[in-house]
Amino acid sequence: MKYVDLHCDTLTVCCDSGLNLADCDLQTSFEKLKKSGCAAQCFAVFTEGADAAVRFKKYSDFYFQSLKKHKIKAVLNYGQLLSCAENGETGAVLTVENLGFINELSEIAALAEAGVKMASLVWNYENKFAYPNLVFENGLPQFLKRNKKGLKPLGREAVKLLDENKIIIDISHLSDGGTDEILCGRKIPLVASHSNSSSINRCSRNLTDGQIKKIADCGGVVGVNFCKDFLGEGETFESVFRHIRRIVNVGGEDAVAFGSDFDGIPAPPHLEDCTKMPELSAFLESRGVKGGLAEKLCFKNFARVFKEVCG
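Parameters at a glance
- Once a new chain begins, its residue numbering starts again from 1 and follows that chain's sequence as written.
- Only residues with pLDDT of at least 70 get local features here, since the model is predicted, and only at 80 or more are side-chain atom pairs given and counted; chain-wide, interface and lining totals rely on the full set of residues.
- Values shown for side chains rest on all heavy atoms present in the structure; no hydrogens or waters enter the calculation.
- Think of it this way: any DSSP run of H or I at least four residues long counts as a helix, any run of E at least two long counts as a strand, and we number them from the N terminus.
- It is over C-alpha atoms that the radius of gyration is taken, and the globule rule equals 2.2 Å times the number of residues to the power 0.38.
- Only protein chains enter the accessibility calculation, which uses a 1.4 Å probe. A residue is then buried if its area is under 20% of the maximum for its type, exposed if over 50%, and partly exposed in between.
- A contact between two residues is defined here by any heavy atoms of the two lying within 4.5 Å.
- Using a 1.4 Å probe, the Shrake-Rupley method yields the accessible areas, and only the shown protein chains count as cover for residues.
- Charge counting treats Lys and Arg as positive and Asp and Glu as negative, with His and both chain ends excluded.
- Charge placement uses NZ in Lys and CZ in Arg. For Asp and Glu, CG and CD serve respectively.
- Helix axes use the C-alpha atoms of the stretch in contact, all axes being lines fitted to C-alpha atoms, and the angles between their N-to-C directions lie in the range 0 to 180 degrees.
- Each angle gets one of four labels, with under 35 degrees taken as roughly parallel, over 145 as roughly antiparallel, 65 to 115 as roughly perpendicular, and the rest as oblique.
- Note on residue categories: nonpolar means Ala, Val, Leu, Ile, Met, Phe, Trp, Tyr, Cys or Pro, charged means Asp, Glu, Lys or Arg, and polar means any other residue, Gly included.
- Note on aromatic contacts: the rings of Phe and Tyr and the six-membered ring of Trp form a pair at centre separations within 6.5 Å, being stacked when their planes are under 30 degrees apart, edge-to-face when over 60 apart, and tilted otherwise.
- Should the NZ of a Lys or the CZ of an Arg lie within 6 Å of a ring centre and within 35 degrees of the ring normal, that charge is described as sitting over the ring.
- Pairs of N or O atoms within 3.5 Å make up the polar contacts considered here, provided that, within protein, one atom can donate a hydrogen while the other can accept it, and that residues adjacent in sequence are counted only when both atoms are side-chain atoms.

*Asks:* Honestly, the overall build of the protein in this entry has me stumped. Any pointers?
*Replies:* Scanning the protein from N- to C-terminus turns up twelve helices and eleven strands. Taken over C-alpha atoms, the radius of gyration comes to 18 Å for the protein, in line with the 19 Å a tight globule of 311 residues would show. Considered along the principal axes of its C-alpha atoms, the protein spans approximately 45 × 45 × 35 Å. Here the protein holds 311 residues, and 57% of them are scored as buried. By sequence separation, contacts in the protein at least 24 residues apart represent 70% of the contacts at least 6 residues apart. Of the roughly 12,500 Å² of accessible surface on the protein, 52% is carried by carbon and sulfur atoms. Each charge class in the protein was averaged separately, 38 positive and 40 negative side chains, and the resulting centres sit 3 Å apart.

As structure tokens, then:
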């Protein structure tokens, strides 16, 4: 079954390592994605630090050069996404993990013009826009504590501009306070591109039932992350199933998708790279995730969000 993956870190890892996106020996590559039946992979540009703006340009240039060289379609609208699924192609969606590198809010429009279709305000460290869901004490991460701080004034402006520029908002690394602010009365779908259920495995990177319900209420989706730290104890496929089941039970069938976090995580047992996706799908089918639910999980839920926000 054709699927979309809402998040991977392959782009930045590949570029930094001098590898080829087509056939590199990472968890994701163009060739592996084609073998796995991927209709579209969301490739995140991740930047942090003083030279983040320079590195964003480096990564985005590498991305578009790679697409052109290897004849991979850049997915910019719903029609192109649907075409990839219907014609057995693999497309690519450009996303940003951590908007902290931009200096002026006007740059958000430039990102949209450049083809960015999804963006998060923050990563693991506070920036000019927001606070992360990860809490530090004495320089050490406290994975069980949740950050209640809300958006900063620039963050509130950034949210408005992301919506105006038809860029999907990603709240996966955002503090509880910031998440609550964005979701309060929200009508435009957003995503948590690579987050799981805190009810299944308690950690700050996973979502509370209340957050999942609010994401569902605005038409958004949660991309299930394959990282063992977020999945919790147990066999990988079974753990993925437990999180899918919880998200569906809380938010409904329209609220769940895949957000692997490949190349940003250690290889999970039995799900070492994207070529294992058909095996995961077969397992999920054996546990009752089949038919219409499987289609929504793999493709239709994110496709709906993409259509509504990006056009």
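*Asks:* Whenever I open this one, the environment of Glu97 confuses me. Can you help?
*Replies:* Mapped onto the elements of the fold, Glu97 is located in strand β4 (residues 91-97). Spatially, the C-alpha atom of Glu97 lies 5.9 Å from that of Ala119, the residues being 22 residues apart in sequence. Setting aside residues no more than four positions away along its own chain, Glu97 makes contact with His7, Asp9, Ala44, Val45, Phe46, Thr47, Ser120, Trp123, His173 and His194.

*Asks:* Quick question: what am I supposed to make of the packing of helix α1 (residues 10-17) against helix α3 (residues 52-70) here?
*Replies:* Any two packed helices are characterised by the angle at which their axes cross and by the distance between the axes. Relative orientation of the contacting elements α1 and α3 amounts to 95°, with a least axis distance of 10 Å. By the angle between their axes, α1 is roughly perpendicular relative to α3. Within the contact between the two elements, α1 uses Leu11, Thr12, Cys14, Cys15 and Asp16 and α3 uses Lys58, Tyr59, Phe62 and Tyr63. When its residues are assigned to classes, the contact of α1 with α3 shows six nonpolar, one polar and two charged.

*Asks:* Explain the packing of aromatic side chains here, please?
*Replies:* Aromatic ring pairs: the centre-centre distance and the angle between the two ring planes describe each pair. Going through the model one piece at a time under the given rule, you end up with eleven aromatic pairs. The interplanar angle of 90° and the centroid separation of 6.0 Å between the aromatic rings of Phe30 and Phe43 together place this pair among those described as edge-to-face. Of this pair, Phe30 sits in helix α2 (residues 30-36) while Phe43 sits in strand β2 (residues 38-46), placing them 13 residues apart in sequence. The pair Phe30 / Phe43 is uniform in exposure class, with both members buried. Summarising the aromatic geometry, the rings of Phe226 and Phe258 are spaced 6.0 Å apart at their centres and angled 65° between planes, so their arrangement reads as edge-to-face. With a gap of 32 residues between them, Phe226 in the loop between β10 (221-224) and α9 (228-231) and Phe258 in strand β11 (residues 256-258) connect regions that are remote in the sequence. For Phe226, a relative accessible area of 1% translates into the label buried. Here a set of aromatic residues connected by ring pairs shows up, and it is made of Phe30, Phe43, Tyr63 and Phe64. The ring of Tyr131 has Lys152 lying over it, and the distance from NZ or CZ to the ring centre is 4.9 Å.

*Asks:* What's the story with the side chain of His7 in this structure? I'm lost.
*Replies:* Mapping His7 onto the fold places it in strand β1 (residues 3-8). Accessibility expressed as a relative area gives 2% for His7, which makes it buried. Discounting chain neighbours no more than four positions away, the residues touching His7 are Gln41, Cys42, Ala44, Glu97, Ser193, His194, Gly259, Ser260, Asp261 and Phe262.

*Asks:* Help me understand the environment of Gly178, please; the structure alone is not making it clear to me.
*Replies:* With respect to the helices, strands and loops of the structure, Gly178 is situated in helix α7 (residues 176-183). Excluding residues that lie within four positions of it along the chain, Gly178 makes contacts with Lys149, Gly150 and Leu151.

*Asks:* Any chance you could explain helix α4 (residues 78-86) here in plain terms?
*Replies:* Note on helix geometry: an α-helix contains 3.6 residues per turn, so any two residues three or four positions apart are oriented the same way. Along α4, the positions that sit buried rather than exposed are Leu81, Ser83, Cys84 and Ala85. Taken together, the buried residues of α4 touch β1, β2, β3 (73-74), β4 and α12 (291-310). Capping the start of α4, Asn77 holds a side-chain oxygen 3.1 Å from the backbone nitrogen of Gly79, two or three residues further along. Positive backbone phi, approximately 70°, marks Gly88, located one or two places after α4.

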